[in-house]
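Remarks on the overall topology
The residues making up each chain are set out below.
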Amino acid sequence: MERLLKLYPVSVTALAYVFLGLIGLALAIPPGYASPVFPAAGFALVVALQAGKPALPGIWLGSLAINLILAWSQARLTPVSALVAAGLACGATLQAWLAGSLVARRLGTGWQRLESERDIIEFLFFGGPLACLVSA
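Please read all numbers here as calculations on a predicted model, not as lab measurements.

1. Observations regarding the overall build of the chain
When helices and strands are tallied, the chain shows seven helices and zero strands. In terms of C-alpha radius of gyration, the chain reaches 15 Å, essentially the compact-globule figure of 14 Å for 136 residues. Over its C-alpha atoms, taken along the principal directions, the chain stretches across nearly 50 × 30 × 20 Å. Residue burial in the chain is summarised as follows: out of 136 residues, 39% are buried. Intrachain contacts of the chain at a sequence separation of at least 6 include 64% that bridge at least 24 residues. With the model as given, the accessible surface of the chain reaches about 8000 Å², and the carbon-plus-sulfur share is 71%.

Here it is as structure tokens:
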């Protein structure tokens, strides 16, 4: 997978993000935008840590596609909903970038091993709730 991310970071990231995002939306609260579990966000963090900035456009495209698909499936696809989808995609991309940056700055390469409880807690805090505030 790491090799594919290096070869085709944008397209592979976008497709994987859409796939995982659709799984997350299957668990969403109606009408379908708020999901208590969203595996695509965790994937985006991993991509931001592994592939870095070159893969961030894939996160944006994947998020945009998910939200456009959702609006279309609910017969609510309008220019305004497309603009909202683009804004949500910006938030998802910013969240992934910030989470990756915070985790990398705080743990260095230690995020790959997570050998101590402190490393695990810092990874979860900086990669999770703190970065999620940006997307919201």
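2. Things to note about the confidence of the model for the chain
On average, residues of the chain score 86 in pLDDT, and 93% of them reach the 70 mark or higher. Per-element averaging of pLDDT across the chain places helix α1 (residues 2–7) at the bottom with 56 and helix α4 (residues 56–73) at the top with 94.

3. A look at the packing of helix α2 (residues 9–25) against α4
For the pair α2 and α4, interaxial distance at closest approach is 7 Å and the crossing angle is 40°. One element, α2, and the other, α4, form an angle in the oblique class. The way α2 lies across α4 gives a crossing that is right-handed. Taken together, the residues of α4 that come into contact with α2 (itself represented by Val10, Thr13, Ala14, Tyr17, Val18, Gly21, Leu22 and Leu25) are Pro57, Gly58, Ile59, Leu61, Gly62, Ser63, Ala65, Ile66, Ile69 and Leu70.

4. Points about the pattern of salt bridges
It is possible for side chains bearing opposite charge to pair when their charged atoms get close. A full pass over the atoms with the stated rule returns three salt bridges. Residue arginine 106 pairs with glutamate 122 through a salt bridge whose shortest N-O separation is 3.1 Å. Taken as a pair, arginine 106 in helix α5 (residues 79–107) and glutamate 122 in helix α6 (residues 117–127) lie far apart in primary sequence, 16 residues in all. Shared partners join several salt bridges into a network, and the residues in it are Arg106, Arg118 and Glu122.

5. Examining the environment of proline 54
Structurally, proline 54 can be placed in the loop between α3 (39–50) and α4. Spatially, the C-alpha atom of proline 54 lies 6.6 Å from that of proline 9, the residues being 45 residues apart in sequence. Ignoring anything within four residues of it in the chain, the contact list for proline 54 reads Pro9 and Val10.

6. A closer look at α4
With 18 residues, α4 extends 26 Å between its outermost C-alpha atoms, agreeing within 8% with the 26 Å of an ideal straight helix rising 1.5 Å per residue. Leu56, Gly58, Ile59, Gly62, Ser63, Leu64, Ile66, Asn67, Leu70 and Ala71 are the residues of α4 that are buried. Residues of α4 that are buried sit in contact with α2, α3 and α5. Positive phi shows up at alanine 75, right after α4, with a value of about 55°.

What counts, and at which threshold
Residues numbered from 1 in each chain as written. Predicted model: local features only at pLDDT ≥ 70, side-chain atom pairs only at ≥ 80, totals over all residues. Heavy atoms only, no water. Helix = DSSP H or I, 4+ residues; strand = E, 2+ residues; numbered from the N terminus. Rg over C-alpha atoms; globule rule 2.2 N^0.38 Å. Buried < 20%, exposed > 50% of the residue type's maximum accessible area, 1.4 Å probe, protein only. Contact = heavy atoms within 4.5 Å. Areas by Shrake-Rupley, 256 points an atom, 1.4 Å probe, with all protein chains shown as cover. pLDDT = per-residue confidence, 0-100. Axes fitted to C-alpha atoms, helices over the stretch in contact; angles between N-to-C directions. Parallel < 35°, antiparallel > 145°, perpendicular 65-115°, else oblique. Left-handed = near helix turned anticlockwise from the far one by under 90°. Salt bridge = Lys/Arg side-chain N within 4 Å of Asp/Glu carboxyl O. Expected span 1.5 Å × (residues − 1).

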